[in-house]
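Single-letter residue listing:
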Amino acid sequence: MTDAALGNAQAAGNLWHYVGKLLRLRWVIFYSGFRRAKLRGKISTIVLGLLVLGGLAFAFTLSLLLLRLLRSPGLEQFIGDTRLLIAGVPVLVVSAAFVGILMTSFGVLLQALYLAGDMDFLLSAPVPLRAIFIAKLLQAILPNFGLILLFGLPVLYGLGASEGYNVLYYPLVLLVLAVLALAAAGLASLLVMAVVRVLPARRVAEVLGFFVAILSFICSQSGQFVRYSDLSHDQATRAFTLLTRLNSPWSPLAWAGRSLVDIGEGFWLSGLGLLLLTLVLTGGVFALSLATAERLYYSGWARVQISTRKKKAIYTRRSATAQNRELTVAVSRAVPSALRAIVIKDFLMLRRDIRNM
Amino acid sequence: MKATGNPPLIETKNLIKHYGDKIAVNNVSFEVYGGEIFGFLGPNGAGKTTTIKMIIGLLQPTAGTVKVAGYDVQLQPLLAKAASGYVPDTPNLYPKLSGRELLRFVGDLYALDHNRIERRIDELLNLFDLYQAGDDPIDSYSHGMQQKTVLAAALMHDPRVLVLDEPTVGLDPRSARMIKDILRQMADRGAAVFLSTHILEIAERMCDRIGIINTGELIAVGTMDELRSLGKGETSLEDIFLSLTGGAEYAEIAEVLR
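Residues numbered from 1 in each chain as written. Chains lettered and ligands numbered in written order. Predicted model: local features only at pLDDT ≥ 70, side-chain atom pairs only at ≥ 80, totals over all residues. Heavy atoms only, no water.

**Some points on the overall build of chain A**
Each helix and strand counted, chain A has 14 helices and 0 strands in total. Along chain A, from the amino end to the carboxyl end, the secondary structure elements read α-α-α-α-α-α-α-α-α-α-α-α-α-α. A total of 357 residues make up chain A; the buried ones form 35% of that total. Residue pairs in contact within chain A that sit at least 24 positions apart in sequence constitute 78% of those at least 6 positions apart. (Helix = DSSP H or I, 4+ residues; strand = E, 2+ residues; numbered from the N terminus. Buried < 20%, exposed > 50% of the residue type's maximum accessible area, 1.4 Å probe, protein only. Contact = heavy atoms within 4.5 Å.)

**Side note on the overall build of chain B**
Within chain B one finds 10 helices and 10 strands. Computed over C-alpha atoms, the radius of gyration of chain B comes to 19 Å, within 12% of the 18 Å expected from 2.2 N^0.38 for 258 residues, which places it in the range of a compact globule. Taken over the C-alpha atoms alone, chain B extends approximately 55 × 45 × 40 Å along its principal axes. Within chain B, the fraction of its 258 residues that count as buried is 55%. In chain B, of all internal contacts separated by at least 6 residues, the share reaching a separation of at least 24 is 69%. In the structure as shown, chain B presents an accessible area of about 11100 Å², 49% of it carried by carbon and sulfur atoms. Seen as two clouds, the 26 positive and the 34 negative side-chain charges of chain B have centres 3 Å apart. (Rg over C-alpha atoms; globule rule 2.2 N^0.38 Å. Areas by Shrake-Rupley, 256 points an atom, 1.4 Å probe, with all protein chains shown as cover. Lys, Arg positive; Asp, Glu negative; His and termini not counted. Charge placed at Lys NZ, Arg CZ, Asp CG, Glu CD.)

**Focus on the confidence of the model for chain A**
All names here are of chain A. Averaged over all residues, the pLDDT of chain A equals 80, while 83% of them reach at least 70. Looking over chain A, one finds the lowest element-wise mean pLDDT in helix α1 (residues 3-11), namely 45, and the highest in helix α12 (residues 268-299), namely 91. Note that pLDDT drops below 50 for residues 310-315; the model gives that stretch 0 contacts with residues more than four away or on any other chain. (pLDDT = per-residue confidence, 0-100.)

**As for the nonpolar core**
Counting residues in each nonpolar core, the largest one holds 158 residues, and the members touching the most others are Tyr-114 and Leu-177 of chain A together with Phe-194 of chain B. Among the elements that line this core, the one with the most residues is helix α7 (residues 129-163) of chain A, at 16 residues. With near-sequence residues (within four places) excluded, Phe-194 of chain B lies in contact with Ile-10, Phe-30, Val-32, Phe-38, Phe-40, Ile-52, Ile-55, Leu-162, Val-163 and Leu-164 of chain B. (Core = buried A, V, L, I, M, F, W, Y, C linked by side-chain atoms within 4.5 Å.)

**Topic: the side chain of Thr-51 of chain B**
On the secondary structure map, Thr-51 of chain B appears in helix α1 (residues 48-56). Those residues in contact with Thr-51 of chain B that lie beyond four places of it in its chain are Leu-15, Val-25, Phe-30, Phe-40 and Ile-213 of chain B.

**Digging into the interface of chain A and chain B**
Contacts between chain A and chain B engage 35 residues on the former and 38 residues on the latter. Taken together, the two surfaces of chain A and chain B that pack against each other cover about 3400 Å², and 62% of this comes from carbon and sulfur. One can count 5 salt bridges joining chain A with chain B. Here Lys-21 of chain A ties to Asp-108 of chain B by a salt bridge, and the two come within 3.7 Å at their closest N and O atoms. Run the count over chain A and chain B and you get 11 residue pairs in polar contact (both at pLDDT 80 or more). Looking at the side of chain A that touches chain B, the elements with two or more residues in it are α1, α2 (15-36), α6 (119-123) and α12 of chain A. Of all the elements, α2 of chain A adds the most residues to the side of chain A that touches chain B, at 11 residues. Taken together, the residues of the side of chain A that touches chain B sort by class into 20 nonpolar, 7 polar and 8 charged. (Buried area = accessible area lost by both parts, 1.4 Å probe. Salt bridge = Lys/Arg side-chain N within 4 Å of Asp/Glu carboxyl O. Polar contact = N/O pair within 3.5 Å; in protein donor to acceptor, adjacent residues only side chain to side chain. Nonpolar A, V, L, I, M, F, W, Y, C, P; charged D, E, K, R; others polar.)

**Digging into the sheet that holds strand β10 (residues 217-222) of chain B**
Residues and elements named next belong to chain B. If you walk across this open sheet you meet the 6 strands as β6-β7-β8-β3-β9-β10, and the pairing is mixed. Two strands lie at the open edges of the sheet, namely β6 (84-87) and β10, each paired on one side alone. Mean inter-strand twist for the sheet, computed between neighbouring axes without regard to direction, equals 15°. Across 4 bridges, the pairing between strand β3 (residues 37-41) and strand β8 (residues 192-196) is parallel. Counterpart to Ile-37 in the pairing with β8 is Val-193. Most of the contacts of helix α5 (residues 143-155) go to β6, to which it runs at about 170°, and overall it touches β6 and β7 (161-165). Contacts from helix α6 (residues 173-188) reach β3, β7 and β8 within the one sheet, and its direction differs from that of β8 by about 145°. (Pairing = 2+ DSSP bridges. Axes fitted to C-alpha atoms, helices over the stretch in contact; angles between N-to-C directions.)

**A word on empty space enclosed by the protein**
In total, this model carries 3 cavities of 30 Å³ or more according to the counting rule given. Taken as a whole, the largest cavity spans an internal volume of roughly 140 Å³. Lining the largest cavity we find 15 residues, and of these Phe-121 and Ser-124 of chain A together with Tyr-86, Ala-153 and Ala-154 of chain B sit closest to its centre. For the lining of the largest cavity, the secondary structure elements donating two or more residues are β6, α3 (99-109) and α5 of chain B. (1 Å grid on protein atoms, 1.4 Å probe; cavity = no way out; pocket = protein on both sides within 12 Å on 5 of 7 lines; lining within 4 Å. Points joined across faces, edges and corners; volume = space filled by probe spheres on them.)

**Points about the layout of surface pockets**
Using a probe with the size of a water molecule, rolled over the atoms, empty space left in the structure can be pinpointed. Quantified by volume, the second largest pocket comes out at close to 580 Å³. Lining of the second largest pocket is provided by 29 residues; of these, Tyr-114, Asp-120 and Arg-303 of chain A together with Lys-53 and Asn-92 of chain B occupy positions nearest its centre. Elements that contribute at least two residues to the lining of the second largest pocket include exactly α5 (83-115), α6 and α9 (201-225) of chain A together with α1 of chain B. Of the residues that constitute the lining of the second largest pocket, the class distribution is 13 nonpolar, 8 polar and 8 charged.

**Some details on the pattern of salt bridges**
Residues and elements named next belong to chain B. The tally for this structure, following the rule as stated, stands at 22 salt bridges over all chains. Arg-104 is the partner of Glu-118 in a salt bridge, and the nearest nitrogen-oxygen pair spans 2.9 Å. Of the two residues, Glu-118 sits in helix α4 (residues 114-127) while Arg-104 sits in helix α3, which places them 14 residues apart along the sequence. Residue Arg-120 is joined to Glu-123 by a salt bridge in which the shortest nitrogen-to-oxygen separation is 3.0 Å. On the criterion of helical spacing, the pair formed by Arg-120 and Glu-123 is a turn pair, its members being 3 residues apart in helix α4.

**Overview of α4 of chain B**
All names here are of chain B. Here α4 is 14 residues long and its end C-alpha atoms lie 20 Å apart, about the 20 Å a rise of 1.5 Å per residue gives. Within α4, burial applies to Arg-116, Ile-117, Arg-120, Ile-121, Leu-124 and Leu-125. Projection of α4 onto a plane perpendicular to its axis shows the buried side chains occupying an angular sector of 155°, all on one side. Along α4, the residues that are exposed and aim more than 90 degrees away from the buried face are Asn-115 and Arg-119. Where α4 begins, the side chain of Asp-113 points an oxygen toward the backbone nitrogen of Asn-115, at a separation of 3.3 Å. A positive backbone phi angle near 60° is found at Asp-129, which sits one or two residues after α4. (Expected span 1.5 Å × (residues − 1). Arc of directions from axis to C-beta.)

**A word on unusual backbone geometry**
Residue and element names in this part refer to chain B. One non-glycine residue, Ala-111, lies in the positive phi region at around 55°. Among the secondary structure elements, Ala-111 is positioned in the loop between α3 and α4. We classify Ala-111 as buried; its relative accessible area is 14%. A positive phi angle, close to 50°, is found at Asp-158, a residue other than glycine. Position of Asp-158 among the secondary structure elements: in the loop between α5 and β7.

If you want it as structure tokens, here you go:
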């Protein structure tokens, strides 16, 4: 490489320039995949896009109905003062966004950091380490963040419109959701590295897929058995009280939601104070997670597995061998050796799979 | 500076890598000069890949320094990486991209200008016999084609230092020969080529100098003649390797199995 090119590489070495390049790669991959897909694949992608737009319209309608319900005199008679509940909606949405992104980005980050296999390729290129991690984190949260916006924004903006909130409320909703998403992704990256130190990444992905499938099945089926018409006044009140409990003054997630409500209602001091606290806290969590993840990955510790199983004492194995010898001889007489070998192999693999779960 | 007059393009000094109590690489020092092919040999788990990853800037050494093209990999990582190309043992690429798109992305990462990127892509696709498949997605490529694509990506910015981890694994003889010829051409043009391999015949025939690592320590470095003088009269690299790494006892096991 010429010195001029080296100079170019160095001069162009600002962080966001490279983050942009790496994110553009994801777009190129998506576009290439779409362009080369068969007609059926292209139609499926377009249908998916239309479904997302339909989901957006559905979320808008749902949020309008929800807000109408929250402001209805009937509900007030049923559960008492609804103002607390309405003020708790932003807290509920931002808390759900944070937890949702934390959980969903775990799987995506596991794939991006360990299973995609492009980390070595990217880290060996003249790209700042931090740019690679930021691009990976953004890559992990962007699709989920899109979904959160899809369902969360209509509710929060609908709330703002119905309550006549200050105009500053609307951009700050986006800012708060974005910083919470970054903090959640940062924490998820650390969680991924901690888990992968104990279990192989591929095994974690398999187990995660299994649990997500089971959870989805349970959620979809449990909805069939719930009878909302049988909900008593007491149960409804308890459920709504539980929601308002999320709005605790000691919960950092509540600070984010309360800051939005306070700014929306024009309580500037408390609103801006809580917003500043949210920004500092989420920024700190993200920066700390990023620095730790980089350090662990670069030092090699993020890729080193630790053995969690203690070695068995030799005498145990010897005595077990002696005890089993007679049984083994008897079994070997009754079962053909090839069949026995296959059964033992399957049993050992099953035992390992269960242990790894 | 070496007698040929070429400066060292890879320099490792007292390189150490620990994982807790485990010592992966212990006090490894060597130089690879411009214009030479350096073979890095060692048994499985000897520390070859860890050393390579420290040279290329993927891993931080516990102690010691690595310089690539005169740049300290720890202190000037972007300059060191801009001067080097890396070919990993398994070609993990972006399967949905075409070879041409991948090379364009690599050119962009190395901040090459647009015209040079397009010219270089055509040159490399022709050189590696990939021109026809250049617009096909990489997941439709055979293992050999993927390996050649990785090598083309590593050569995209015409690096002064080329580091390859097992470059000929899984290649047919024709592709393996092509890669050997290209590496020799790179060295003849003044680049330093550092490759690890398990195929001792390749190391013996291709490499100007050879380093042997065992249990994290560099136990021998030199030309074939210099390595022969270290052994006990062995003439082939295989015998020297087994003698130095303690693998000669396996010959006795083979005798028992006969």
